[in-house]
Amino acid sequence: MSSTGAVTVPRLHPKARLQHDDVRGRDVLLYPEGLVALNATGVAILELCDGTRSLAEIVATLERLYATGGLERDVATFLEGLAAKGLVTYGP
Amino acid sequence: MDLKPLWLLAELTYKCPLQCPYCSNPLDFAGARFKRELSTEQWCRVFREAKALGVLQLGLSGGEPTLRPHLEELVRTAHGLGLYTSLITSAYRLTKERLAALKEAGLDHVQISVQGADAELSDEIAGTASYRDKIAAYHYTRELGFPLTVNAVLHRRNLHQVEGLIRLAESLGAERIDLANTQFYGWALHNRDALMPTKAQLDAAWQVVLRERARLGTRLEIVWVLPDYHGQFPKPCMGGWGRAYMTVTPAGEVWPCHAAGRITTLTFENVRDRPLGWIWEHSDAFTRFRGDAWMPEPCRSCPRKAQDFGGCRCQAFLVAGDAGATDPVCSLSPHRHLIDEAIARVEAVEERPAELTYRAAPASRALAAKG
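Residues numbered from 1 in each chain as written. Chains lettered and ligands numbered in written order. Predicted model: local features only at pLDDT ≥ 70, side-chain atom pairs only at ≥ 80, totals over all residues.

**What to know about the overall build of chain B**
- A count of helices and strands for chain B gives 15 helices and 9 strands.
- Since a compact globule built from 371 residues should have a radius of gyration of about 21 Å, the 20 Å found for chain B is in line with a globular shape.
- By its C-alpha atoms, chain B is 55 × 50 × 45 Å across when sized along the principal axes.
- Across chain B, the fraction of contacts at a sequence separation of at least 24, relative to all contacts at a separation of at least 6, is 73%. (Helix = DSSP H or I, 4+ residues; strand = E, 2+ residues; numbered from the N terminus. Rg over C-alpha atoms; globule rule 2.2 N^0.38 Å. Contact = placed C-beta atoms within 7 Å.)

Structure follows, in structure tokens:
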């Protein structure tokens, strides 16, 4: 079963919170008993995962933002990694 | 210094209505050492200093943290600092109104213990009728939208209920269940012969975990805290001594883990006397076993030393009598026979006497008096 179709809407799970880590100069995703360090692209992706945009729309927005193409695979892979930790869910 | 702490466990009080015989609090929790609890202002200062040091995760624990006055104010301060704040509670008499107030103050996550999969066993192990309150509180957390972790400490008397515990967490819609095999410190070490499971019990429970993980996938995270006595190598305790983790006790002592206060050969500092940053960087308790220069053989030349950090200093002290020894659970430790003997005692006895010392203030004072 693929969860990366055009109509898939990824959403950050409510248990996860984006937070800037001043001491280490980075952004992190915090969740119960753990954290994931994020780079700037990761933050940009997650800020778009607000439950209103489809994966295709998120990819299109990022491609505009970074003036590039072919990002779908990277974005999908990043989100799949977080989904495996239960930090991102997919809805219609 | 490169190492910065990520985690702070704030033990707000050692008062607790439950009496679990494996409690990780010190045996002498009722004694003079822990009597003078930090003020709310002092705790808020600790949280600020922790955040400035690099802490991102805060556990509010105890004892029972909901017995600490002004808990909402502490949560509000932590939230304002950006700390991801977890309440680690027994849920005894925890109302929906209280949880709603904590949610409003910015609490991120709730972890509620359960001592068995049904009221009869849970209440027996807790020593206090509390199962009904726990079930009610689990539902409140769902209704209020908290992420929920169900925490169950596993031992000889409840390992047969692992499937029931997982099904309970599943039926509640919990995000996560911690199946924490008893680690033998504090009260658990005192009750070791009555709590330690047989190898057969552990193997059976592990098969259940594998099956249930396959069935549930990401719907419920099932964490299995390894029973280290039955392993070949030690656990990477706290991710290494003084590398990521700090505990502050109710009276303000700062420990590298919640069991370390038992090590009588270390000097512990107090947040009343020193800034948290100084304690992290310079105190004897945090520097003694940081890195690998302290390691004896077989750790010193061991290729695993960067993985397990020599195991657990508390266990080395409690079992081998030397906090600077290799963790005695390691198969390469010269003290491994002490662990094997403890296991052999358990395996040899069909039905052991049911004597448990429950965690309670009178027992604590009696044990402290005995030394």
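**Notes on the environment of Leu226(B)**
All names here are of chain B.
- Within the secondary structure, Leu-226 sits in the loop between strand E7 (221–225) and strand E8 (245–248).
- Classification of Leu-226 as partly exposed rests on a count of 13 C-beta atoms within 10 Å.
- Separated by 141 residues in the primary sequence, Leu-226 and Thr-85 place their C-alpha atoms 25 Å from one another.
- Other than its neighbours up to four places away in sequence, Leu-226 contacts Asn-181, Gly-231 and Lys-235. (Buried ≥ 20, exposed ≤ 12 C-beta atoms within 10 Å, placed from the backbone.)

**With respect to the confidence of the model for chain B**
- Residue-level pLDDT values for chain B average 95, and 98% of them are 70 or greater.
- Model confidence for the complex is summarised by a pTM of 0.95, with the ipTM given as 0.91. (pLDDT = per-residue confidence, 0-100.)

**Points about the interface of chain A and chain B**
- Between chain A and chain B, the residue contacts involve 13 residues of the former and 17 residues of the latter.
- If you list the elements that add at least two residues to the side of chain A that touches chain B, you get strand E2 (17–21) and strand E3 (26–31) of chain A.
- At 3 residues, the largest contribution of residues to the side of chain A that touches chain B is made by E2(A).
- Split into classes, the residues belonging to the side of chain A that touches chain B amount to 7 nonpolar, 2 polar and 4 charged. (Nonpolar A, V, L, I, M, F, W, Y, C, P; charged D, E, K, R; others polar.)

**Observations regarding helix H6 (residues 162–172) of chain B**
Residue and element names in this part refer to chain B.
- Along H6, the residues that are buried comprise Val-162, Leu-165, Ile-166, Leu-168 and Ala-169. End-on view of H6: buried residues confined to an arc of 155 degrees, all on one side of the axis.
- Looking at the buried residues of H6, the elements they touch are strand E5 (148–154), strand E6 (176–181), helix H9 (199–216) and E7.
- Residue Gly-173 follows H6 closely and has a positive phi angle near 75 degrees. (Arc of directions from axis to C-beta.)

**So, the sheet that holds E3(A)**
Residues and elements named next belong to chain A.
- An order of E2-E3-E4 is seen for the 3 strands of this open sheet, with the pairing classed as antiparallel. Unpaired on one side and paired on the other, E2 and strand E4 (34–38) mark the two borders of the sheet. Each strand of the sheet is rotated relative to its neighbour by a mean of 35 degrees, with strand direction disregarded.
- Examined bridge by bridge, E3 and E4 share 5 bridges and lie antiparallel to one another. Bridge pairing links Leu-29 to Val-36 in E4. (Pairing = 2+ DSSP bridges. Axes fitted to C-alpha atoms, helices over the stretch in contact; angles between N-to-C directions.)

**Overview of the sheet that holds strand E3 (residues 84–89) of chain B**
Residues and elements named next belong to chain B.
- The strand order E7-E6-E5-E4-E3-E2-E1-E8-E9 describes an open sheet built from 9 strands, whose pairing is mixed. Of all strands in the sheet, those with a lone pairing partner are E7 and strand E9 (254–255), marking the two edges.
- The sheet contact formed by strand E1 (residues 7–11) and E8 spans 4 bridges and is parallel. Within E8, the position partnered with Leu-9 by the bridge is Thr-247.
- The strands touched by H6 are E5, E6 and E7; relative to E5, the strand with the most contacts, the crossing angle is about 170 degrees.

**Re unusual backbone geometry**
All names here are of chain B.
- The amide bond that connects Gly-62 to the next residue, Gly-63, takes the cis arrangement and shows omega of 10 degrees.
- Here Arg-93, not a glycine, exhibits a phi torsion of approximately 55 degrees, which is positive.
- Inspection of the secondary structure puts Arg-93 in the loop between E3 and helix H3 (96–105).
- For Arg-93, a count of 14 C-beta atoms within 10 Å translates into the label partly exposed.
- Notably, Met-238 is not glycine yet its phi reads approximately 55 degrees, a positive angle.
- By the secondary structure assignment, Met-238 is in the loop between E7 and E8.
- Met-238 gets classed as buried once you count the C-beta atoms within 10 Å, which come to 22.

**Details of the pairing of E3(A)**
Residue and element names in this part refer to chain A.
- Where E2 lies against E3, 5 bridges are found, and the strand directions are antiparallel. Across the sheet, the residue bridging to Asp-21 is Arg-26, located in E3.
- Taking the residues between adjacent antiparallel strands as the criterion, E2 and E3 are bridged by 4 residues, where Gly-25 takes a positive phi near 60 degrees.

**Notes on the environment of Lys15(B)**
Residues and elements named next belong to chain B.
- Within the secondary structure layout, Lys-15 lies in the loop between E1 and helix H1 (40–53).
- When the C-alpha positions of Lys-15 and Pro-296 are compared, they lie 39 Å apart, and in sequence the two are 281 residues distant.
- For Lys-15, the contacting residues outside a window of four places in its chain are Gly-63, Glu-64 and Leu-67.

**Description of the packing of helix H2 (residues 55–65) of chain A against helix H3 (residues 72–84) of chain A**
Residues and elements named next belong to chain A.
- Running from N to C, H2 and H3 cross one another at 125 degrees; their axes reach a closest spacing of 10 Å. Regarding the angle of H2 to H3, the classification is oblique. The handedness of the crossing between H2 and H3 comes out as right-handed. Contacts between H2 and H3 pair Leu-55, Ile-58, Val-59 and Leu-62 from the former with Glu-72, Val-75 and Ala-76 from the latter. (Parallel < 35°, antiparallel > 145°, perpendicular 65-115°, else oblique. Left-handed = near helix turned anticlockwise from the far one by under 90°.)

**Examining the packing of helix H2 (residues 71–81) of chain B against H3(B)**
Residue and element names in this part refer to chain B.
- Between H2 and H3, whose axes approach to 8 Å, the crossing angle comes to 25 degrees. Taken together, the axes of H2 and H3 are roughly parallel relative to one another. For H2 against H3, the interelement crossing comes out right-handed. Of the residues in H3, those touching H2 at Glu-72, Val-75, Arg-76 and His-79 are Ala-101, Leu-102 and Ala-105.

**Let's talk about the nonpolar core**
- Counting residues in hydrophobic clusters, the biggest one holds 119 residues, and the most contacted among them are Leu58(B), Val150(B), Leu165(B) and Ile177(B).
- Once residues within four sequence positions are removed from consideration, Ile177(B) is found in contact with Val150(B), Ala152(B), Leu165(B), Ile166(B), Ala169(B), Leu220(B), Ile222(B) and Val223(B). (Core = buried A, V, L, I, M, F, W, Y, C linked by C-beta atoms within 7 Å.)

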